Amino acid sequence: MRIAVIADVHANKVALEAVAGDMPDVDGVICAGDVVGYNPWPEFCVDWVQEHDVPTVQGNHDRAVATGEYPGFNDMAAAGVEHARDHLSEAHREWLGQLPTERTLFDGRVKMVHGHPDDPDHYTHPSEFSPGLLGDEDVLVLGHTHVQSHEKYGDGIVLNPGSVGQPRDGDPGAAYALVDLDAMTVEQRRVRYDVGAVMDAVDEAGLPRRVGTRLSRGQ
């Protein structure tokens, strides 16, 4: 069984379409949160996840858009939340609000959270990966840091597929991962896309310019 793992789409339609176009035939797609935020296309990205029946956990930006509460967000993050709240329907916001913070999938073999098994808002960087993060699952999927990485520990894997819509690991390519649950292997993938088109759309939407410019540096 092979699954595609995405995370931190952050309303980047162009990057999401590039990842979808690159994705081979798989037995399922799962998303480790933050479908919305930062970029100009929250409606498209929520619709895509819903239409493709992608099991998703709630990220901090998803929760902020659902509740309208985002203490501690910087100007870029706050602008993305406000843009999403202005452009999403009540049904979209309700869907984001009811997302769980944790899912166990594929007969218990995969556990998915946004930040950390004990704290959905904790940034679990690769330096914190350890076998102690694993419970009964074979694969623990994390998001939130926007840094693509994975480690295998005995019979278990800790994986962050990286960010589709706003990578922060120095590589501007849209990130995702393929997991083979039979072979217990991970293939990390990056997909180039038209960052310039996103930068133009960011400007047209009146979002902070750095939302777009940082995409070219993967930061």
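A quick note: this is a predicted structure, and the numbers were derived from the prediction, not measured. (Residues numbered from 1 in each chain as written. Predicted model: local features only at pLDDT ≥ 70, side-chain atom pairs only at ≥ 80, totals over all residues. Heavy atoms only, no water.)

*Asks:* Help me out: how do you make sense of the overall build of the protein in this one?
*Replies:* The number of helices and strands found in the protein is 7 helices and 9 strands. In terms of overall size, the protein behaves like a compact globule, its C-alpha atoms giving a radius of gyration of 16 Å where 219 residues would be expected to give roughly 17 Å. In the protein, buried positions account for 53% of the 219 residues. Residue pairs in contact within the protein that sit at least 24 positions apart in sequence constitute 63% of those at least 6 positions apart. When the accessible surface of the protein is split by element, carbon and sulfur atoms take 42% of a total near 9000 Å². Side-chain charges in the protein split into 17 positive and 37 negative, and the spacing between the mean points of these groups amounts to 5 Å. (Helix = DSSP H or I, 4+ residues; strand = E, 2+ residues; numbered from the N terminus. Rg over C-alpha atoms; globule rule 2.2 N^0.38 Å. Buried < 20%, exposed > 50% of the residue type's maximum accessible area, 1.4 Å probe, protein only. Contact = heavy atoms within 4.5 Å. Areas by Shrake-Rupley, 256 points an atom, 1.4 Å probe, with all protein chains shown as cover. Lys, Arg positive; Asp, Glu negative; His and termini not counted. Charge placed at Lys NZ, Arg CZ, Asp CG, Glu CD.)

*Asks:* How do you make sense of the packing of aromatic side chains when you look at a structure like this?
*Replies:* For any pair of aromatic rings, the description rests on two quantities: the centre-to-centre distance and the angle between the ring planes. The final tally for this structure, using the stated rule, is 1 aromatic pair. With a centroid separation of 5.9 Å and an interplanar angle of 50°, the aromatic rings of Tyr 70 and Phe 73 are classed as tilted. You can call Tyr 70 partly exposed: its relative accessible area is 22%. Residue Phe 73 is classed as partly exposed on the basis of its relative accessible area, which comes to 22%. (Phe/Tyr/Trp six-rings, centres within 6.5 Å; stacked < 30°, edge-to-face > 60°.)

*Asks:* Looking at this structure, how should I read the pairing of strand β2 (residues 28–31)?
*Replies:* Along any regular strand, the residues point their side chains to alternate faces of the sheet. Side chains Gly 28 and Ile 30 of β2 all project onto a buried face; the interleaved residues Val 29 and Cys 31 project onto the opposite face, where all are buried too. Pairing of strand β1 (residues 2–6) with β2, which is carried by 4 bridges, proceeds in the parallel orientation. When the bridges of β2 are listed, Ile 3 appears paired with Gly 28. After leaving β1, the chain enters helix α1 (residues 13–22) and then returns to the sheet as β2, a path that is right-handed. (Pairing = 2+ DSSP bridges. Right-handed = clockwise from strand over helix to strand, strands pointing away.)

*Asks:* I keep staring at the side chain of Ser 163 and nothing clicks. Help me out?
*Replies:* Along the chain, Ser 163 turns up in the loop between β7 (156–160) and β8 (174–180). Polar side-chain contacts of Ser 163 include one of 2.7 Å to the backbone oxygen of Asp 8. At 2.8 Å, the side chain of Ser 163 forms a polar contact with the backbone nitrogen of Gln 166. Sequence-distant contacts of Ser 163, that is, excluding residues within four places in its chain, are made with Ala 7, Asp 8, His 146, Ala 174 and Ala 175. (Polar contact = N/O pair within 3.5 Å; in protein donor to acceptor, adjacent residues only side chain to side chain.)

*Asks:* I'm lost on the sheet that holds strand β5 (residues 139–141) in this one. Help?
*Replies:* Backbone hydrogen bonds hold the strands of a sheet together, and the pairing may be parallel or antiparallel. One open sheet accounts for 5 strands, arranged β3-β4-β5-β7-β6; its pairing is mixed. For this open sheet the edge positions go to β3 (102–105) and β6 (149–153), each flanked by a neighbour on one side alone. Here the average twist between neighbouring strands, direction ignored, is 15°. One ladder, built from 4 bridges, connects β3 with strand β4 (residues 110–113); its direction is antiparallel. If you follow Leu 105 over to β4, its bridge partner there is Val 110. (Axes fitted to C-alpha atoms, helices over the stretch in contact; angles between N-to-C directions.)

*Asks:* Would you take a moment to explain the environment of His 150 for this structure?
*Replies:* Position of His 150 relative to the elements: it lies in strand β6. Separated by 49 residues in the primary sequence, His 150 and Thr 101 have C-alpha atoms spaced 21 Å apart. The residues contacting His 150, other than those within four sequence positions of it, are Phe 129, Val 158, Leu 159, Val 186 and Gln 188. A polar side-chain atom of His 150 sits 2.8 Å from a polar atom in the side chain of Gln 188.

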